[in-house]
Amino acid sequence: MAKGQEQAAPDAVLTRIGQVVMLHHAGDREEARHRFLGLWAEIGEHGDPLHRCTLAHYLADTQDDPGDELAWDLRALSAAEELTEDRFGDRPADRHEGTVAARALYPSLHLNLAADYDRLGHREAARVHLRRARGAAESLAPDRYGEGVRAAIDRLEQRLGGTGPATDGPPDRPDGRWGPPRQRP
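Keep in mind that what you see is a predicted model, and the values were worked out from it rather than measured.

Draft legend 1. Region of interest: the packing of aromatic side chains. Considering all chains together, one arrives at 1 aromatic pair under this definition. Between Trp40 and Trp72 the ring centres are 4.9 Å apart and the planes differ by 85 degrees, which places this aromatic pair in the edge-to-face class. Note that Trp40 is positioned in helix H3 (residues 29-43) and Trp72 in helix H5 (residues 66-83), a separation of 32 residues in sequence. The ring centre of Trp72 lies 4.1 Å from the NZ or CZ of Arg75, which sits over that ring.

In structure tokens:
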């Protein structure tokens, strides 16, 4: 296959992640977690940062324990930060693509970390990540995804500004969890 055709071909790992995301959104959380963990075992701790970031970002949503969810969201953020480092890719184009992907993910990553910390009762850490989410959201397009992330930031900001516990009020998602649904960038 020609080099140009290889670059135009879809990323098989991201496609597989997307398939599991659809399974999760269809309501099979346990099976989605099982399949995500299988993908994680294939990719490994040192695999492609975009794959690790995307997978950990979605895998966090399948966790029952808020501490486990936080751990996966932190893995996702760490992998996103690798995307912007000079060591990503051998070519400048690879670094640019990684930077663009990370920029698109940062608002949601920080929003989810803010929600995680809020659920765990760490309100100041939640506020720090919420400020980072707000700043990163400025780079999002004014499309459905961007507006959804900004609206979720606004809702969490209102909750954190209130005096009640983090669980007051209705959840923002049909699955009962706080924050926006995870979407591929």
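Draft legend 2. Structural view of the environment of Leu113. Relative to the helices and strands, Leu113 is located in helix H6 (residues 92-119). Distance from Leu113 to Trp72, taken between C-alpha atoms, is 9.6 Å for residues 41 residues apart in sequence.

Draft legend 3. Highlighting the pattern of salt bridges. Within this structure, the stated rule accounts for 14 salt bridges. Glu42 is paired through a salt bridge with Arg16; the nearest N and O atoms lie 2.9 Å apart. In this pair, Glu42 is assigned in helix H3 and Arg16 in helix H2 (residues 12-25), connecting sequence segments 26 residues apart. The exposure class assigned to Glu42 is exposed, which follows from its relative accessible area of 53%. Accessibility expressed as a relative area gives 33% for Arg16, which makes it partly exposed.

About the cut-offs
Residues numbered from 1 in each chain as written. Predicted model: local features only at pLDDT ≥ 70, side-chain atom pairs only at ≥ 80, totals over all residues. Heavy atoms only, no water. Phe/Tyr/Trp six-rings, centres within 6.5 Å; stacked < 30°, edge-to-face > 60°. Helix = DSSP H or I, 4+ residues; strand = E, 2+ residues; numbered from the N terminus. Lys NZ or Arg CZ within 6 Å of the ring centre and 35° of its normal. Salt bridge = Lys/Arg side-chain N within 4 Å of Asp/Glu carboxyl O. Buried < 20%, exposed > 50% of the residue type's maximum accessible area, 1.4 Å probe, protein only.

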